[in-house]
Amino acid sequence: MTGTADVGVDKDSDESAAAVPPTPGSGGEGRSEPGPTPEVSLIKDRTIKTPAPAKAPEQPGPTPAGSTPAESAAAESTAAESTAAGGPQAPAAPPDDHDGPDDAPHLDVDEPLLAARAHRPSDLIRFLAGVLGIVAVFVVGGIATSTTTGIEQDIASNAPHFSAVFSTITGLISSVAVLAVPLAFAVERLIKRDGLRVADGVLASVLAYGVSLGIDWWVAEGASEHIRDALTRLPMDSNGTLTDPVHGYLAPVIAYMTAVGMSSRPRWRVALWVVVVFSGGTELLGGYTTPLSLVLTVLIGWSVAYGTLYAIGSPNIRPTGQHLLIGLRKVGFTPAGAVRAPDAPGGTRRYHVTQQGGPPLDVHIIDREQQASGFFYRAWRRLRLRSVAVRRSPQSLRQALEQEALIAYAAAASGARAPQLVATSELGPDAAILVYENVEGRTLDELADEEVTDPVMASLWQSVAALHERRIAHRRLTGESLLVVDEKTGCLVNLSGGDIAATDLTLRIDVAQLLTTFALRIGPERAVATANAVLGAERVAQALPLLQPVGMSRSTRVDLAKLTKERKAAARARALEQVAAGERTQQQAEEDIAAAGEDLLSRIRGQILQIAPEAPMAPVKLERLKPKSLIMVIALTFAAYLALTTIKPAQLKLSQMNWAWAAAALLAAAFSYVAAAMSLTGFVPERLPFRRTVAAQLAGSFVKLVAPAAIGGIALNTRYLQKAGIRSGQAVASVGASQLAGLAGHLLLLFSFGLITGSQTNGDLSASRAVIIGVLSAAVLALVVAAVAPLRRFVLGRLRSLFFGVVPRMLDLMQTPSKLVTGFGGILLLTLSFTACLDFSVQAFGGDVSFSAVAVVFLTANAAGSAIPTPGGIGPVEVALIGALTVADVSPTIATPAVFLYRALTFWLPVLPGWISYNVLQRRNAL
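The shown structure was predicted, so the numbers you read here are calculated from the model rather than taken from an experiment.

The rules behind each value
- Residues numbered from 1 in each chain as written.
- Predicted model: local features only at pLDDT ≥ 70, side-chain atom pairs only at ≥ 80, totals over all residues.
- Heavy atoms only, no water.
- Helix = DSSP H or I, 4+ residues; strand = E, 2+ residues; numbered from the N terminus.
- Buried < 20%, exposed > 50% of the residue type's maximum accessible area, 1.4 Å probe, protein only.
- Contact = heavy atoms within 4.5 Å.
- Areas by Shrake-Rupley, 256 points an atom, 1.4 Å probe, with all protein chains shown as cover.
- Pairing = 2+ DSSP bridges.
- pLDDT = per-residue confidence, 0-100.
- Salt bridge = Lys/Arg side-chain N within 4 Å of Asp/Glu carboxyl O.
- Patch = residues over 30% accessible without salt bridge, like charges linked within 9 Å, V, L, I, M, F, W, Y side chains within 5 Å.
- Phe/Tyr/Trp six-rings, centres within 6.5 Å; stacked < 30°, edge-to-face > 60°.
- Expected span 1.5 Å × (residues − 1).
- Core = buried A, V, L, I, M, F, W, Y, C linked by side-chain atoms within 4.5 Å.
- Axes fitted to C-alpha atoms, helices over the stretch in contact; angles between N-to-C directions.
- Parallel < 35°, antiparallel > 145°, perpendicular 65-115°, else oblique.
- Nonpolar A, V, L, I, M, F, W, Y, C, P; charged D, E, K, R; others polar.
- Lys, Arg positive; Asp, Glu negative; His and termini not counted.
- Charge placed at Lys NZ, Arg CZ, Asp CG, Glu CD.
- Polar contact = N/O pair within 3.5 Å; in protein donor to acceptor, adjacent residues only side chain to side chain.
- Left-handed = near helix turned anticlockwise from the far one by under 90°.

**Q** What should I look at first to understand the overall build of the protein in this one?
**A** The secondary structure content of the protein amounts to 34 helices and 15 strands. Within the protein, the fraction of its 927 residues that count as buried is 46%. In the protein, of all internal contacts separated by at least 6 residues, the share reaching a separation of at least 24 is 79%. Accessible surface, the protein as shown: approximately 44800 Å² in total, 63% of it carbon and sulfur.

Right under this line is the structure:
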């Protein structure tokens, strides 16, 4: 909702002291006195009022009678210092006897209403830190038993040295104070009409009490003996009753005081922690608690408080446009009205301010809320990228103010076209403002493509060159930071994220970013040509190794992915129409799709190589930690955990296993990778190195850990074919053909073995019951898909795109019968290898069942288990195989260890060789 507020603060009203918090260091000698304090009316009006005519500001008189000392001090201390050279000052005026509300100027603010509550990322961070601390306490209690016991014994042996009278007095005082301090704080908040914070504190205390009771119950009933010993003890004067693991009254008190805003009031904060220390120390010396119990109590109160604040939101203390205008008058400006402008990058709020007889201003507000936003993204970027590729964020509000001011002054001194900074000031303890001259124009994102002219781009390149000559990096050269003033002039804005004394690599990243920003709008040809005309071929060529997505801004990466996706979709749709109309052949259509799939950065590199063939091609290593490395570590950890918790020696029954049959099962499992390589190469007309293809299939056993088996295998094989020099469309078509043939072979083998099993059992259908269930399930699924329109359209769309590439690929393969024999032979051998492995596993534990019955079990149960998309089918596959073997008259005591042996040979054992193959193929650029 957007409205207009009449803003004015009467000097005699309470709002004058609350509107703008006192600013430290203001009101020095020799400063011009602030103008009259405007009147604040909380009545909102939807219409934007015309600013009042220019009027000389009035000189404030002495403090009116009846004003409180706090109001007078606030009025004198809120004038923040103006740091701009030649910044505007309030002109002197004779005293006016009429400074009542009726004569005060009216100030208009057009801005969306701020939310009453804000969900602060800093509260979430503190909550997560507290939860990790609680987990750490339990870990320490369960592992470091000797340490915790030794500390408790040391405390118990030294406790008699303290006087009993001293302990009694301390305990009495702390017991009273632990209730008196929160009560006094609540009264103080209610007197200041801050009952909402008190309600937040009460809610947090109730939740903390509930969490304390829950942890007490868990420690008593479900925790290990070591944790129970670390958090409880048996007092000397008790009747066998253990102490509570969490103090039921101390945790709620800590939660209450934290939730009501104790951290911003040093005196109350010191009082609380003195009470907590005395209370905890008394309980500790009296033998009624343990050190870990005290730490756990504090962490629970702290965590619950911040978790509550993040969930319900904290009262929003961000300064509004009303506060901004009052603050501007305090530092000598004469604002007449303000309009909220789009936020700058990083969430910085911006206002366009009109003055009474002065030039318009562009004011930026930075506050603590804005600084905390995006914390997790910035932390991930710092972890992933090298320090030179990511800018370190300021740690305090003062640092952010000084950094942006320094960048602005340095940019002005360099001669670059950028808004002039005219003043800076603190706006209370939690916000600061930077006042810029207002430059009219539209950002690059707001222009149509035909309005992005070569002179405008040349003007922006000249400003960037001027910055780089002074070693200043912008770091945010996206469309929202490029302001177009007229048809020939551009201006750089949003310099707050820049760097002073930047390195060569940082400056080259700037060039790469701006090249990509322009290329997204007008194509790589014009973008590179304009940069070459201003910077020269050598400096443009130096940016080529930095043209990689990881070095771009987040919005640019999103735009690049969107552009590539749209180009591919448009090219595919156009190719389908042209092939259907007979205008182009299938081969020509695939070439068009492959050309459209070339990403924009590759096209920019091609343009740079045309003007500078000697440009370096090797990309600069910007990443410290790649996502695939992180995924690999997570996958190995996940595999180790599952292996330790899923495969148990008791379930394998190694003492009863026939090792000869187990060795045969191992050979059958190993041969399955050769068969998988045959099934892939048979559907690829191009020649593939067979040994490397086998290694790729082995690497797929590692990928299954983090993705469902079918999805992971398809993605890996497609990537492998692309790295082997096969075009993207043809690679997808080849893998699709292999999957389609595998599905057909699977159904054919299931039907064949089902008939064989039925004939062998002389009409007894118990062994082929799985076939009937599988066929009926497939029929029901097909009917559901056909009946539900969205599902039908989805399946038909997928099949249409699949057959677009698969059918022509199959027609090409028919011209080479040896390829078809290899492909279909590999599919057959792959199924027989897995079936043989399962059959030999059953034989290893004394099972007696026909090979055809095992084949039916494998084909039905493996497909049913894999339908649930868990990594590698862990869980569903085992359950389905054991159940199917039981239906096939295999005893559960044999079926269970046989299935675990089969899964160990086909899934768990190849993980380590698969990881090695995956890394080797990556180093050889084959994956």
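**Q** Mind showing me how you'd approach the pairing of strand β9 (residues 421-426) here?
**A** On any regular strand, side chains alternate: one points to one face of the sheet, the next to the other face. Direction of pairing for β9 relative to strand β10 (residues 431-437): antiparallel, over a ladder of five bridges. Counterpart to serine 425 in the pairing with β10 is isoleucine 433. Taken together, β9 and the strand that follows it, β10, pair antiparallel across an intervening segment of four residues, in which glycine 428 is found at a positive phi of about 85°.

**Q** It is not clear to me how the confidence of the model for the protein should be interpreted in this structure. Could you clarify?
**A** Do not read the fine detail of predicted coordinates wherever pLDDT is low. Confidence in the prediction for the protein averages 74 pLDDT; 68% of positions are at 70 or higher. Contacts for the low-pLDDT stretch residues 1-106, under 50 throughout, to residues beyond four places or in other chains number 177 contacts. Confidence drops under pLDDT 50 across residues 761-768; counting only partners more than four residues distant or on other chains, this segment forms nine contacts.

**Q** Where do I start with unusual backbone geometry in this structure?
**A** With the exception of glycine, the majority of residues adopt a negative phi angle, and the majority of peptide bonds are in the trans configuration. With phi around 60°, arginine 471 is a residue other than glycine that occupies positive phi space. One can find arginine 471 in the loop between α15 (454-469) and β12 (472-473). Under the relative-accessibility criterion, arginine 471 is labelled partly exposed at 33%.

**Q** Before we go on, may I ask you to explain the pairing of strand β8 (residues 361-367) in this structure?
**A** Most of β8 sits inside the fold, with seven of its seven residues counted as buried. The sheet contact formed by strand β7 (residues 348-355) and β8 spans five bridges and is antiparallel. The residue of β8 that forms the bridge with arginine 350 is histidine 364. Pairing analysis gives seven bridges linking β8 to β10, with the strands arranged antiparallel. Bridge assignment links leucine 361 to a residue of β10, and that residue is glutamate 437.

**Q** Just checking my understanding: could you explain the pattern of salt bridges for this structure?
**A** Where charged atoms from two side chains of opposite charge approach closely, those side chains can pair. By the definition in use, this model includes eleven salt bridges. Taking the shortest distance from any N to any O, the salt bridge between aspartate 343 and arginine 340 comes out at 3.1 Å. Its relative accessible area of 40% is what places aspartate 343 among the partly exposed residues. Two residues, arginine 350 and aspartate 362, come together in a salt bridge whose shortest N-O distance is 3.2 Å. Pair noted here: arginine 350 is in strand β7 and aspartate 362 is in strand β8, with a separation of twelve residues, a long-range link. In this pair, the class of arginine 350 matches that of aspartate 362, namely buried.

**Q** Teacher, can you tell me more about a nonpolar patch on the surface here?
**A** Residues Val131, Val135, Val139 and Ile143 make up a contiguous nonpolar surface patch of roughly 330 Å² in combined accessible area. Structurally, valine 139 is set in helix α3 (residues 121-143). Relative accessible area serves as the criterion here: at 43%, valine 139 is assigned to the partly exposed category.

**Q** Before we go on, may I ask you to explain the packing of aromatic side chains in this structure?
**A** Pairs of aromatic rings are described using the distance from one ring centre to the other and the angle between the two planes. According to the stated counting rule, one finds seven aromatic pairs in the structure shown. When the centroid spacing of 5.2 Å and the interplanar angle of 80° are considered together, the rings of tryptophan 302 and tyrosine 306 count as edge-to-face. Here tyrosine 306 and tryptophan 302 lie together in helix α10 (residues 291-312), a separation of four residues that amounts to about one turn. Judged by relative accessible area, which is 25%, tryptophan 302 ranks as partly exposed. On the basis of relative accessible area, tyrosine 306 is assigned to the buried category, the value being 8%. With centroids separated by 5.5 Å and ring planes inclined at 70°, the aromatic side chains of phenylalanine 683 and phenylalanine 824 adopt a geometry described as edge-to-face.

**Q** Just checking my understanding: could you explain the environment of glutamate 525 for this structure?
**A** Here glutamate 525 is to be found in helix α17 (residues 524-535). Placed 83 residues apart in sequence, glutamate 525 and isoleucine 608 show a C-alpha to C-alpha distance of 9.0 Å.

**Q** Just to check I follow, could you spell out helix α16 (residues 504-522) for this structure?
**A** Between its first and last C-alpha atoms α16 spans 27 Å; for 19 residues at 1.5 Å apiece the expected length is 27 Å, and the two agree. Burial analysis of α16 places 16 of its 19 residues in the buried class, which makes it a mostly covered element. Two residues or fewer past α16, glycine 523 is found with a positive phi of approximately 90°.

**Q** Help me out: how do you make sense of the sheet that holds strand β13 (residues 482-484) in this one?
**A** One key point about sheets: their strands pair by backbone hydrogen bonds, in either a parallel or an antiparallel sense. Taken together, three strands build an open sheet; the order of strands is β11-β13-β14 and the sheet is antiparallel. Strands at the two margins of the open sheet, each flanked by one partner only, are β11 (442-443) and β14 (490-492).

**Q** Would you mind going over the nonpolar core with me for this structure?
**A** Across soluble globular proteins, you tend to see nonpolar side chains buried next to one another. With 50 residues, the main nonpolar core has Trp461, Leu482, Leu492, Leu515, Phe518, Ile604 and Ile608 as its most contacted residues. Listed by contribution, the elements that provide at least two residues to this core are α14 (397-414), α15, β13, α16, α17, α18 (537-542) and α21 (600-611). With nine residues, the top contributor of residues to this core is α16. The contacts of phenylalanine 518, once residues within four sequence positions are left out, are Leu444, Met457, Leu460, Trp461, Leu482, Gly523 and Ala527. Among the nonpolar cores identified, the runner-up in size contains 38 residues, and Cys837, Val877, Ile882 and Val890 belong to it.

**Q** Which parts of the structure should I look at to understand the packing of α16 against α21?
**A** The axes of two packed helices give the description: the angle between them and the distance between them. Interhelical geometry of α16 versus α21 gives an angle of 110° and a closest axis separation of 11 Å. In terms of orientation, α16 lies roughly perpendicular with respect to α21. Counting all contacts with α16, which are made through Leu515, Thr516, Ala519 and Leu520, the residues of α21 involved are Leu600, Leu601, Ile604 and Ile608. Tallied by class, residues from the contact of α16 with α21 come to seven nonpolar, one polar and no charged.

**Q** How do you make sense of the environment of alanine 410 when you look at a structure like this?
**A** Checked against the element boundaries, alanine 410 lands in helix α14. Between the alpha carbons of alanine 410 and arginine 470 there is a distance of 8.3 Å; along the sequence they are 60 residues apart. Apart from the residues lying within four places of it in its own chain, the contact partners of alanine 410 are Ile472 and Ile500.

**Q** What exactly am I supposed to notice about a positive patch on the surface here?
**A** A cluster of basic residues, Arg386, Lys621, Arg624 and Lys626, forms a positive patch on the protein surface. You can see arginine 386 is positioned in the loop between α13 (375-384) and α14. Arginine 386 sits in the partly exposed class, given a relative accessible area of 34%.

**Q** Is there a simple way to think about the side chain of threonine 530 in this case?
**A** Mapped onto the secondary structure, threonine 530 falls in helix α17. We classify threonine 530 as buried; its relative accessible area is 8%. Excluding its chain neighbours within four sequence positions, the residues that come into contact with threonine 530 are Asp454, Met457, Ala458 and Trp461.

**Q** How do you make sense of the side chain of threonine 906 when you look at a structure like this?
**A** Within the element layout of this structure, threonine 906 appears in helix α33 (residues 892-908). There is a polar contact of 2.8 Å between the side chain of threonine 906 and the backbone oxygen of tyrosine 902. With sequence-adjacent residues up to four places away left out, threonine 906 is seen in contact with Ala669, Tyr673, Phe834 and Cys837.

**Q** What's the story with the packing of α16 against helix α19 (residues 554-581) in this structure? I'm lost.
**A** Running from N to C, α16 and α19 point in directions that differ by 40°, and their axes come no closer than 11 Å. Comparing their axes, α19 and α16 come out oblique. Helix-helix and strand crossings are classified by hand; for α16 and α19 the assignment is left-handed. The residues of α19 that touch α16, namely those facing Gln513, Thr516 and Leu520, are Thr556, Asp559, Leu560 and Leu563.

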